[in-house]
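Fold and geometry: a report
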Amino acid sequence: MLNITDTHCHIDGEEFADDREAVIQRAREAGVGKLFVPAIDLTTSHRILSLCQQYPDYLYPMVGLHPEEVRADWREQLSAIKTILNSQLSIVNCIGEVGLDYYWSREFEQEQLEAFEEQVKWSVETQLPLMIHCRKAQNELVSIIKRYARDLPGGVFHCFTGNEQEARELLQFDRFVLGIGGVLTFKKSHLPEVLPKVVPLDRIVLETDAPYMAPVPMRGQRNEPAYTLHVLHKLAEAYNVSEAAIADATNDNVARIFNVK
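Residues numbered from 1 in each chain as written. Predicted model: local features only at pLDDT ≥ 70, side-chain atom pairs only at ≥ 80, totals over all residues. Heavy atoms only, no water.

1. Topic: helix H6 (residues 164-171)
Those residues of H6 not exposed but buried are Ala167, Leu170 and Leu171. All buried residues of H6 lie within an arc of 100 degrees about the axis, which places them on one face of the element. The N-capping residue of H6, defined by a side-chain oxygen 3.1 Å from the backbone nitrogen of glutamine 165, is asparagine 163. (Buried < 20%, exposed > 50% of the residue type's maximum accessible area, 1.4 Å probe, protein only. Helix = DSSP H or I, 4+ residues; strand = E, 2+ residues; numbered from the N terminus. Arc of directions from axis to C-beta. Polar contact = N/O pair within 3.5 Å; in protein donor to acceptor, adjacent residues only side chain to side chain.)

Below, the structure written as structure tokens:
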């Protein structure tokens with residue numbers, strides 16, 4: 001059986017409240033050997049640390065403030081999350097999910113920029129990687145990362161769905177990789193053509209974003225980490241290599257980015 005990693009799943013979410021243990025068991029049985037769990041705010045940062053301690057060496061926690069959760073109280077949220085980060089540095093594996101999102105609204109545009117930059121500084125300070133979310137804000141995002149690129153340890157551009165030009169722009173940050181999930185399998189996705197053209201296999205990690213964006217043939221259902229296998233299968237097809245080659249490459253990338261074996 002192949003051993004793979006889901007680098008982004010919200011297994012702490014209410015969507016898994018009734019069968020979380022069974023979902024984790026299915027992931028193990030599918031060969032998903034590690035799950036990385038991003039926070040979105042102060043509450044989930046606490047919750048994820050508690051959950052991950054129940055599954056040592058299987059669930060890996062992140063803490064951070066998601067751009068869609070940036071509100072008027074963002075400074076207080078960040079201050080409290082930073083306190084958690086400082087006290088749990090030996091346990092936390094990544095700062096995330098952080099970034100910029102102007103898809104629905106620009107109401108807190110300036111606050112998002114400041115909150116993201118602050119968390120980028122945490123990454124420089126702690127040398128923990130970043131799990132970056134970006135929608136309709138790549139120019140602004142790239143501008144901020146450029147200021148700190150020399151000192152950042154790296155990270156993941158989560159849920160990449162862009163074109164060749166956008167991929168090249170993100171790949172200029174050579175310690176970062178692209179997170180590829182269920183969108184790859186969608187009928188109208190251009191990723192099967194884009195990725196092999198411009199993204200080498202040493203710049204990709206697998207993810208689900210469970211419970212969201214389930215891959216074909218599970219589309220429309222609740223996503224879960226076991227479905228990482230469908231992403232693996234489609235990537236192998238797109239790159240015209242074996243599934244074992246994708247598993248090996250992406251696991252090597254996980255080890256490098258997150259400093260885990």
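The structure having been displayed, the exposition proceeds.
2. Points about helix H9 (residues 243-258)
For H9, with 16 residues, the first-to-last C-alpha span of 22 Å sits near the 22 Å given by 1.5 Å per residue. If you check which residues of H9 are buried, you get Ile246, Ala247, Ala249, Thr250, Asn251, Asn253, Val254, Ile257 and Phe258. Of the residues trailing H9, asparagine 259 is marked for its positive phi of about 60 degrees. (Expected span 1.5 Å × (residues − 1).)

3. Looking at unusual backbone geometry
Glutamate 97 follows glycine 96 through a cis peptide bond whose omega is 15 degrees. Position of glutamate 97 among the secondary structure elements: in strand E4 (residues 94-101). Of note, the bond from valine 216 into proline 217 is cis; its omega dihedral lies within 30 degrees of zero at 15 degrees. Positioned with a positive phi, methionine 213 is a non-glycine residue whose angle comes to about 55 degrees. A relative accessible area of 32% places methionine 213 in the partly exposed class. Residue asparagine 259 is not a glycine yet carries a positive backbone phi of 60 degrees. By secondary structure assignment, the location of asparagine 259 is in the segment after H9. Residue classification places asparagine 259 among the exposed residues on the basis of a relative accessible area of 63%.

4. Things to note about the layout of surface pockets
By volume, the largest pocket amounts to about 1000 Å³. Around the largest pocket, the lining is made up of 42 residues, and of these His133, Cys134, Arg135, Cys159 and Met213 lie nearest the centre. Considering only residue class, the lining of the largest pocket consists of 17 nonpolar, 13 polar and twelve charged. (1 Å grid on protein atoms, 1.4 Å probe; cavity = no way out; pocket = protein on both sides within 12 Å on 5 of 7 lines; lining within 4 Å. Points joined across faces, edges and corners; volume = space filled by probe spheres on them. Nonpolar A, V, L, I, M, F, W, Y, C, P; charged D, E, K, R; others polar.)

5. What to know about the packing of aromatic side chains
One pass over the structure, following the stated rule, counts six aromatic pairs. For the pair phenylalanine 157 and phenylalanine 173, a centre-to-centre distance of 6.4 Å together with 45 degrees between the ring planes defines the contact as tilted. You can see phenylalanine 157 sitting in strand E6 (residues 155-157) and its partner phenylalanine 173 sitting in the loop between H6 and strand E7 (176-180), a full 16 residues away along the chain. The class of phenylalanine 157 is buried, set by a relative accessible area of 4%. You can call phenylalanine 173 buried: its relative accessible area is 6%. Each ring, one from phenylalanine 173 and one from phenylalanine 176, has its centre 6.4 Å from the other, and the planes form 70 degrees; the classification is edge-to-face. According to the relative accessible area criterion, phenylalanine 176 is buried, its value standing at 3%. An aromatic cluster of at least three residues, connected via ring pairs, comprises Phe36, Tyr60 and Phe258. (Phe/Tyr/Trp six-rings, centres within 6.5 Å; stacked < 30°, edge-to-face > 60°.)

6. Some details on the environment of isoleucine 48
In this structure, isoleucine 48 sits in helix H2 (residues 42-54). Between the C-alpha atom of isoleucine 48 and that of alanine 167, which follows or precedes it by 119 residues, the distance is 30 Å. In contact with isoleucine 48, not counting residues within four places along its chain, are Asp12, Val37, Pro38, Ala39, Pro61 and Met62. (Contact = heavy atoms within 4.5 Å.)

7. So, the environment of arginine 20
Following the sequence through the fold, arginine 20 ends up in helix H1 (residues 20-29). In the structure, arginine 20 is positioned 166 residues away from phenylalanine 186 in sequence and 26 Å away in space, judged by C-alpha atoms. Contacts of arginine 20, omitting those with residues within four sequence positions, involve Ile11, Asp12, Gly13 and Leu51. Reaching out from arginine 20, the side chain makes a polar contact with the backbone oxygen of isoleucine 11 at a distance of 2.6 Å.

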